[in-house]
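The residues making up each chain are set out below.
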Amino acid sequence: MNPPVRCGMCARAIQPGDLRFALLWKIYADYDGIIDLGDELLLEKTLLAVEKGSARDLEEKVYMESRHILCPACREEILETLSSLEEMRSEAGSDEEGGEERNLH
Ligand SMILES: [Zn+2]
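In what follows, the accompanying structure is described. All values derive from a computational prediction rather than experimental measurement.

### What to know about the overall build of the protein
Item 1. Scanning the protein from terminus to terminus reveals three helices and four strands.
Item 2. Ordered by position from N to C terminus, the α and β elements of the protein give β-β-β-α-α-β-α.
Item 3. The buried share among the 105 residues of the protein stands at 3%.
Item 4. Of the contacts formed within the protein by residues at least 6 apart in sequence, a portion of 72% connects residues at least 24 apart.

### A closer look at helix H1 (residues 40-52)
Item 1. In this model H1 runs 18 Å from its N-terminal to its C-terminal C-alpha over 13 residues, within 8% of the 18 Å that 1.5 Å per residue would give.
Item 2. Among the 13 residues of H1, zero are classified as buried, and the element is accordingly described as predominantly exposed.

### Here's the deal with helix H3 (residues 72-91)
Item 1. With 20 residues, H3 should cover 28 Å at 1.5 Å per step; its first-to-last C-alpha distance of 28 Å lies within 8% of that length.
Item 2. Among the 20 residues in H3, one count as buried, and that is only a small part of the element.
Item 3. Positive backbone phi, approximately 70°, marks Gly93, located one or two places after H3.

### Describing unusual backbone geometry
Item 1. Backbone geometry places Ala11, a non-glycine residue, at a positive phi of 70°.
Item 2. With 9 C-beta atoms packed within 10 Å, Ala11 lands in the exposed category.

### Observations concerning the environment of Leu24
Item 1. Following the sequence through the fold, Leu24 ends up in strand E3 (residues 21-28).
Item 2. Each C-alpha atom of the pair Leu24 and Glu65 lies 7.3 Å from the other, and the pair is 41 residues apart in sequence.

The rules behind these values
- Residues numbered from 1 in each chain as written.
- Predicted model: local features only at pLDDT ≥ 70, side-chain atom pairs only at ≥ 80, totals over all residues.
- Helix = DSSP H or I, 4+ residues; strand = E, 2+ residues; numbered from the N terminus.
- Buried ≥ 20, exposed ≤ 12 C-beta atoms within 10 Å, placed from the backbone.
- Contact = placed C-beta atoms within 7 Å.
- Expected span 1.5 Å × (residues − 1).

Structure follows, in structure tokens:
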């Protein structure tokens, strides 16, 4: 028999037929279109970092995505964390970035 599926957060075993969720996340460098060529020191540091880092490191800094199985309790916890972040942001009254692309239900 296959080992039980486990929650990616709390590691609880999820039995066949039990409710479970898949969490897909992506995190990537958000490019604003501005490269400051005036800051030579920063440019030099960036180039050095690129030379030193492995291709994989660099790739992970620019783009990462992953998929995890979650139990219902951990799903709730993640949704609560995300909505409290949004509440904090709206309480701070700043929405100037306007980069909102919500897809939560
Ligand atoms: Zn869990």
